[in-house]
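Examination of the molecular architecture
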Amino acid sequence: MEMLRRSGRRVRVIALLGALVACTEGTEPSRVVRVQVSAPTDRVEVGGTLQLIAAAETTGGATITELDFTWSSSDASVATVSASGEVTGRTPGSATIQATADGKTGSLTVTVLPPRVAAVVVAPDTATLPVGSTRQLTATLRDAAGAPLTGRTVAWSSDNEAVAGVAADGTVTALDAGTAVITAESEGVKGTARITVPQPPVPDLALEEAVNGGFPTPTLLTSPPGDSRFFVVSVNGLISVVQGREILPEPFLDLRGRVKQQREMGMFSMVFHPRYASNGYFYVNFTDASGQIRIERYTVSSDPNRADPASMKLILAIDHPPTEEHFGGPMQFGPDGKLYIGVGDGGHGHSANAQDRGTLLGKVLRIDVDAGDPYAIPQDNPFVGEAGTRGEIWALGVRNPWRLSFDRVTGLLYLADVGENHWEEVNVVPASRGGYNFGWPRMEGAHCYPPDLASCDRSGLTLPTLEYPHPDTPGEATSQHPAGCSVTGGYVYRGSRMPGLRGHYLYGDLCKGWVRSFRYQDGQVTDQRQYSLPGLAFLVSFGQDASGEVYVLPYSGRVYRLAPAAGN
């Protein structure tokens, strides 16, 4: 029996072994045929980590990740890899990371990026600079760990270029009183510094003769943008070029044969097209033999000091009553590139024109000389499409505007309007909108007209920013503003010779010969000044050159540049 039991166990073991051998002989063991390496991205910053995943594909088509992979980097100075496949960026560059199992290798090329900018620190972060001075700012870039970064691009900007500008290297130049925030930006990250420019003292002024010789009643001095020459318009129709201090012997343009000069008639102004350097266009405003107001365009000739008289193109003609007065005459291109023209009301007996929207008299016009033939009416003019209204009208209610100008920095429009019997006025308004009604003849200045009216309707009117009385105006003796008789509008000073005067609007009076100034800040007149300028009489006009310096043009025909008085 024992023999039988042993014999049975032996048979069963032999049978089991046989079955195992048979099973083994029919199935091959699985082998790795391919290794693939993947990751959410193939980029990592210096100091950052990236987890790679290796997967092996077997002969049976299965994917196995739970193997002992051997990891390596082609360039450990760029990126290293741990035994678990975690890559660490070391220096910017590229490295191939490999995973090997069962003799098969997969790889992924990883790009190591410089660390991102996490902070920009500007030094100094505050500074007080006098007008005209400079200060070097520096920007230090740091990563998330606080380590400094180099080799990055930094862009500098100022939020108030009128106060302080900044160069590409971070050099700040103080230009005018106020505050400016200087920003350094790199990779979307910003740092700032606050610059304060204190108001320098306003200097006393003196007259500095600017031209050797004189002109027959100059009405304007102006310059093309960026041009060191200046051009002087005379009431008789002559436009002269001044180079240095010398008047060139040949006129730029001679319209004396077409301009009627009588009482308030003559040539009033010229203005250069904003693209004068490329198109050569300029515009003149004068009265012809019939008393009509004419706006004409001319083109410079091949000689930059001579215009081509044959290039004349009529832009606008405005009929005028036979009064020989109240023609207006100022012209300026605004910040929007449109041409603004001040037109008088037509003279005594015709003051109602100023409120009549069916006529161009007594208005400020705005036209587009770069569209249409000879011009187009801008569709954003305030009265476009209204029945019985001229679309050219931008503002109404002016009597005899004598000079309008735009501040080169703020874009504000300054309009001086000659009064009737008692009040002269200056209006300051944004050029970004129109539709203003300055009140004439319902108002003279901020007062009802005629003056014997106890009250008047002020609704819808824009009252003067500043006014001053005539000598016989009731209450003149107690006025804060000494008397005059006919305002002469000027310019906001934006030159460089007198930093304390920057931002001041300069104006004067024809009869009294004085010059005054004020600042316009936050909708208010501030820092009013009057200057002692002995010998100045019958102030006809002001001028401004390309650099922002301001000139006065008296009836005598001499041209004076405003300069700091001795001791300033």
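Rules of the game
Residues numbered from 1 in each chain as written. Predicted model: local features only at pLDDT ≥ 70, side-chain atom pairs only at ≥ 80, totals over all residues. Heavy atoms only, no water. Helix = DSSP H or I, 4+ residues; strand = E, 2+ residues; numbered from the N terminus. Rg over C-alpha atoms; globule rule 2.2 N^0.38 Å. Buried < 20%, exposed > 50% of the residue type's maximum accessible area, 1.4 Å probe, protein only. Contact = heavy atoms within 4.5 Å. Disulfide = S-S within 2.5 Å. Core = buried A, V, L, I, M, F, W, Y, C linked by side-chain atoms within 4.5 Å. Phe/Tyr/Trp six-rings, centres within 6.5 Å; stacked < 30°, edge-to-face > 60°. Lys NZ or Arg CZ within 6 Å of the ring centre and 35° of its normal. Polar contact = N/O pair within 3.5 Å; in protein donor to acceptor, adjacent residues only side chain to side chain. Salt bridge = Lys/Arg side-chain N within 4 Å of Asp/Glu carboxyl O. Patch = residues over 30% accessible without salt bridge, like charges linked within 9 Å, V, L, I, M, F, W, Y side chains within 5 Å. Areas by Shrake-Rupley, 256 points an atom, 1.4 Å probe, with all protein chains shown as cover. Pairing = 2+ DSSP bridges. Axes fitted to C-alpha atoms, helices over the stretch in contact; angles between N-to-C directions. pLDDT = per-residue confidence, 0-100.

Thoughts on the overall build of the protein
Looking only at helices and strands, one finds two helices and 48 strands in the protein. Its C-alpha radius of gyration of 40 Å places the protein more than 25% over the 24 Å reference for a compact globule of 568 residues. A principal-axis box enclosing the C-alpha atoms of the protein has dimensions of 155 × 60 × 60 Å. In the protein, buried positions account for 49% of the 568 residues. Sequence separation of at least 24 residues holds for 54% of the intrachain contacts in the protein that already meet a minimum separation of 6.

Some words on the state of the cysteines
One covalent bond between the sulfur atoms of two cysteine residues makes up a disulfide. A full pass over the atoms with the stated rule returns two disulfides. With its sulfur 2.1 Å from that of its partner, Cys448 forms a disulfide with Cys456. Between Cys448 and Cys456, the disulfide has an S-S torsion of -85 degrees and is therefore left-handed. We classify Cys456 as partly exposed; its relative accessible area is 21%. Here Cys485 pairs with Cys511 through a disulfide, and the sulfurs are 1.4 Å apart. When the S-S torsion is 45 degrees, as for the bridge of Cys485 with Cys511, the disulfide is right-handed. Residue Cys485 is located in the loop between β41 (466-469) and β42 (487-488), and its partner Cys511 is located in the loop between β43 (504-509) and β44 (515-521); the two are separated by 26 residues in the primary sequence. The exposure class assigned to Cys485 is partly exposed, which follows from its relative accessible area of 25%.

Things to note about the nonpolar core
By size, the foremost hydrophobic cluster in this structure holds 39 residues, and its most contacted members are Leu316, Ile341, Val426 and Tyr507. The contacts of Leu316, once residues within four sequence positions are left out, are Ile293, Arg294, Ile295, Ile341, Leu360, Leu365 and Tyr375. Listed in part, the 35 residues of the second largest apolar core include Ile239, Tyr493, Leu501 and Phe542.

A short note on the packing of aromatic side chains
As enumerated under the stated definition, the model contains 23 aromatic pairs in all. An aromatic cluster is defined as three or more aromatic residues linked by ring pairs; in this entry it consists of Phe231, Phe252, Phe272, Tyr276, Phe282 and Tyr298. The ring of Tyr281 carries Arg297 above its face, with NZ or CZ at 3.9 Å from the centroid. Over the aromatic face of Trp514 sits the side chain of Arg516, whose NZ or CZ is 3.3 Å from the ring centroid.

Thoughts on the environment of Phe69
Structurally, the position occupied by Phe69 is in the loop between β5 (63-64) and β6 (70-73). Look at Phe69 and you get buried, because its relative accessible area is 11%. When the C-alpha positions of Phe69 and Ser84 are compared, they lie 8.2 Å apart, and in sequence the two are 15 residues distant. Beyond its immediate stretch of four places on either side in the chain, Phe69 contacts Val35, Ala54, Ala55, Ala56, Ile64, Ala83, Ala99, Thr100 and Ala101.

Focus on the side chain of Ser158
Summarising the element assignment, Ser158 is placed in strand β16 (residues 155-158). Classification of Ser158 as buried rests on a relative accessible area of 14%. A polar atom in the side chain of Ser158 sits 3.1 Å from the backbone nitrogen of Asn160. Within the structure, the side chain of Ser158 is placed 2.7 Å from the backbone oxygen of Ala164, a separation counted as a polar contact. Ignoring any residue separated from it by four or fewer positions in sequence, one finds Ser158 in contact with Ala164, Val166, Ala180, Val181 and Ile182.

Observations regarding the pattern of salt bridges
Counted according to the given criterion, the structure contains 25 salt bridges. The partner of Glu209 in a salt bridge is Arg558, and the shortest N-O contact between them spans 2.3 Å. Taken together, the positions of Glu209 in strand β21 (residues 205-209) and Arg558 in the loop between β47 (550-554) and β48 (560-564) put the pair 349 residues apart, joining distant regions of the chain. Owing to a relative accessible area of 29%, Glu209 belongs among the partly exposed residues under this scheme. Close ionic contact of Glu386 with Arg357 constitutes a salt bridge, the shortest N to O distance being 3.1 Å. Here the residue Glu386 occupies a position in the loop between β33 (363-367) and β34 (393-396), and Arg357 occupies one in the loop between β32 (339-343) and β33, the gap between them amounting to 29 residues. Exposure remark for Arg357: the relative accessible area of 32% places this residue in the partly exposed category. When salt bridges with common partners are traced through the structure, they connect Asp176, Asp407 and Arg494 into a single cluster.

Some thoughts on a nonpolar patch on the surface
Nonpolar side chains collect at one region of the surface, where Leu510, Phe538 and Tyr555 lie side by side and expose about 320 Å² of accessible area between them. With respect to the helices and strands, the residue Phe538 is situated in the loop between β45 (524-531) and β46 (539-544).

With respect to the pairing of strand β9 (residues 93-101)
In regular strands, side chains alternate between the two faces of the sheet. In the sheet, β6 pairs with β9 via four bridges, with the strands oriented antiparallel. The partner of Ser73 across the bridge, within β9, is Ile97. For β9 and strand β10 (residues 104-113), the ladder comprises nine bridges, and the chain directions are antiparallel. Looking at the pairing, Gly93 lines up with Val112 of β10.

A short note on the sheet that holds strand β7 (residues 79-81)
Sheet architecture is open: three strands sit in the order β3-β8-β7, paired in antiparallel fashion. The open sheet has two edge strands, β3 (49-51) and β7, and neither has a second partner. The mean angle between the axes of side-by-side strands here comes to 20 degrees, regardless of whether they run parallel or antiparallel. With three bridges connecting them, β7 and strand β8 (residues 86-89) associate as antiparallel partners. Within β8, the residue paired with Ala79 across the bridge is Gly89.

Side note on the confidence of the model for the protein
This prediction gives the protein a mean pLDDT of 92; 93% of its residues lie at or above 70. Overall, residues 1-26 carries pLDDT values under 50, and its contacts beyond four positions in sequence, including any with other chains, amount to zero contacts.

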